[in-house]
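For reference, the chains in residue letters:
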Amino acid sequence: MTDDIAAVRPREVLVLCGSVRADGYTGALARYTAGCVRQQGFQSTVWELGQRPLPIADPAYHHDPAANPDPSVREFVAAAQRADAFVLAGPVYHNSYSGVLKNALDCLSMAEFDGKPVGLLAHGPKLTAVQACDHLRIVVRGLYGLCVPEQAVTTPADYERDAAGTLRLAEPGMRARVNGLVASVVKAAQR
């Protein structure tokens, strides 16, 4: 019976937002991505590191992150273990991705990523923010995750504020690009 329950469990994508800014571009990008995931029929969980921070990774739990005594780390590890796929979204900091995103990845192990598809997103002032995706691709490979070839990099011109003042991804071409990335992640997760 357990196998039957696992077979009908909705597939889930963990969208990890590597920004601490409460009303930032990366958060808006992560939330838009989560909506795309739901439109594809998967469940999505957005973990915004600014709202749900993690302590500095403790190497004592590198091989068994679920044994970490910090409840926020254990909750994060459980979310990663449940995930069938990941989307990592980060701002570009000094030509790479943010330290809080690196720390979050360091709170996990290869077991959480092994063979799972991963999509990469970045935001920066210019398209050179692609360097954050380049660096994340290397880290994901080290975690045995499988990066999809599509990636998306946004700039401030891709966003606008709605009537309520909430920042949202608005540029149609970039929305299509993110939708395509999510479609690739979802397709790979169904294999």
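As shown above, the structure is provided for reference.
Within any chain, residue numbers begin from 1 and follow the written order of that chain's sequence. With pLDDT at 70 or above as the cut-off, local features in this predicted model cover only qualifying residues; side-chain atom pairs require 80 or more to be listed or tallied, and sums for whole chains, interfaces and linings still use all residues. Side-chain metrics rest on all non-hydrogen atoms present in the structure, leaving aside hydrogens and water.

Novice: What exactly am I supposed to notice about the overall build of the protein chain here?
Specialist: Under the scheme used here, helices are H or I runs from DSSP no shorter than 4 residues and strands are E runs no shorter than 2 residues, and both carry numbers assigned from the N terminus. Counting its regular elements, the protein chain contains seven helices and eight strands. We compute the radius of gyration over the C-alpha atoms and compare it with the globule rule, which gives 2.2 Å times the number of residues raised to the power 0.38. Taking 16 Å as the expected radius of gyration for a compact globule of 191 residues, we find that the protein chain reaches 16 Å, a close match to that expectation. Referenced to the eigenvectors of the C-alpha coordinate spread, the extents of the protein chain come out at roughly 45 × 35 × 30 Å. Residues count as neighbours in contact if any of their non-hydrogen atoms are within 4.5 Å of one another. Residue pairs in contact within the protein chain that sit at least 24 positions apart in sequence constitute 73% of those at least 6 positions apart. Each accessible area is a Shrake-Rupley result for a 1.4 Å probe, and residues are judged covered by the shown protein chains and nothing else. Element-wise, carbon and sulfur atoms account for 54% of the exposed surface of the protein chain, whose accessible area totals about 9400 Å². Just so you know, the count uses Lys and Arg for positive and Asp and Glu for negative, and it drops His and the chain ends. Lys charges are placed at NZ, Arg charges at CZ, Asp charges at CG and Glu charges at CD. The protein chain carries 19 positive and 19 negative side-chain charges, and their two centres are separated by 5 Å.

Novice: So what exactly am I meant to see when it comes to the nonpolar core here?
Specialist: Across soluble globular proteins, nonpolar side chains show a tendency to be buried alongside one another. Within this scheme, the nonpolar core is defined by two criteria: the residues are buried Ala, Val, Leu, Ile, Met, Phe, Trp, Tyr or Cys, and they are joined through side-chain atoms within 4.5 Å. For the exposure calls, accessible area comes from a 1.4 Å probe over protein chains only, and a residue counts as buried if that area is under 20% of its type's maximum, exposed if over 50%, partly exposed in between. Core analysis: the largest hydrophobic core is formed by 32 residues, its most contacted members being Leu14, Leu16, Leu54, Phe76, Phe86 and Leu88. Of all the elements in the fold, those that place two or more residues in this core are strand S1 (12-17), helix H3 (71-82), strand S3 (85-93), helix H4 (99-106), strand S5 (117-123) and helix H6 (130-142). Among the elements that line this core, the one with the most residues is H3, at five residues. The residues touching Leu16, leaving out its near neighbours within four places in the chain, are Trp47, Leu49, Phe76, Val87, Leu88, Ala89, Leu101, Ala104 and Leu105. Counting residues in hydrophobic clusters, the runner-up holds 27 residues, among them Ala28, Cys36, Val37 and Ala89.

Novice: Is there a simple way to think about helix H2 (residues 25-39) in this case?
Specialist: Note on helix geometry: an α-helix contains 3.6 residues per turn, so any two residues three or four positions apart are oriented the same way. The end-to-end C-alpha distance of H2, which contains 15 residues, comes to 21 Å, matching closely the 21 Å that a straight helix rising 1.5 Å per residue would cover. Along H2, the positions that sit buried rather than exposed are Thr26, Gly27, Ala28, Leu29, Ala30, Tyr32, Thr33, Ala34, Cys36 and Val37. Gly41 lies just past H2 and shows a positive phi near 90°. One fewer than the residue count of a helix, multiplied by 1.5 Å, yields its expected span.

Novice: Is there a simple way to explain the packing of H2 against helix H7 (residues 172-189) in this structure?
Specialist: Each pair of packed helices can be described by the angle between their axes along with the distance between the axes. Only the stretch in contact is used when a helix axis is fitted, and all axes are lines through C-alpha atoms; the angle between N-to-C directions ranges over 0 to 180 degrees. Taken N-terminus to C-terminus, the directions of H2 and H7 make an angle of 55°; their axes are 9 Å apart at the nearest point. One way to sum up the angle between H2 and H7 is to call them oblique. The element H2 and its partner H7 pack so that their crossing is right-handed. Residues Leu29, Tyr32, Thr33, Cys36, Val37 and Gln39 of H2 touch H7, and the partners they reach there are Arg175, Val178, Asn179 and Val182. Under the grouping applied here, Gly and all other residues not named as nonpolar or charged are polar, the nonpolar ones being Ala, Val, Leu, Ile, Met, Phe, Trp, Tyr, Cys and Pro and the charged ones Asp, Glu, Lys and Arg. Broken down by class, the residue content of the contact of H2 with H7 amounts to six nonpolar, three polar and one charged. Should an angle fall under 35 degrees it is called roughly parallel, over 145 degrees roughly antiparallel, and 65 to 115 degrees roughly perpendicular, with every other angle called oblique. Handedness of a crossing is defined here by the sense of rotation of the near helix relative to the far one, left-handed for an anticlockwise turn of less than a right angle and right-handed for a clockwise turn.

Novice: I'm lost on H3 in this one. Help?
Specialist: Taking 1.5 Å per residue as the helical rise, H3 with its 12 residues ought to reach 16 Å, and the 16 Å between its terminal C-alpha atoms agrees with that figure. Along H3, the residues that are buried comprise Val73, Phe76, Val77, Ala79 and Ala80. One side of H3 holds all its buried residues, which, seen down the axis, span an arc of 160°. Residues of H3 that are buried sit in contact with S1, strand S2 (43-48), S3, H4 and helix H5 (110-113). To obtain the arc, one takes the directions from the helix axis to the C-beta atoms.

Novice: What exactly am I supposed to notice about the pairing of strand S6 (residues 146-154) here?
Specialist: Regular strands show a simple pattern: their side chains alternate between the two faces of the sheet. The pairing of S5 with S6 spans six bridges and is parallel. Counted as the bridge partner of Leu121 is Ala152 from S6. Here, strands pair whenever DSSP counts at least two bridges between them.

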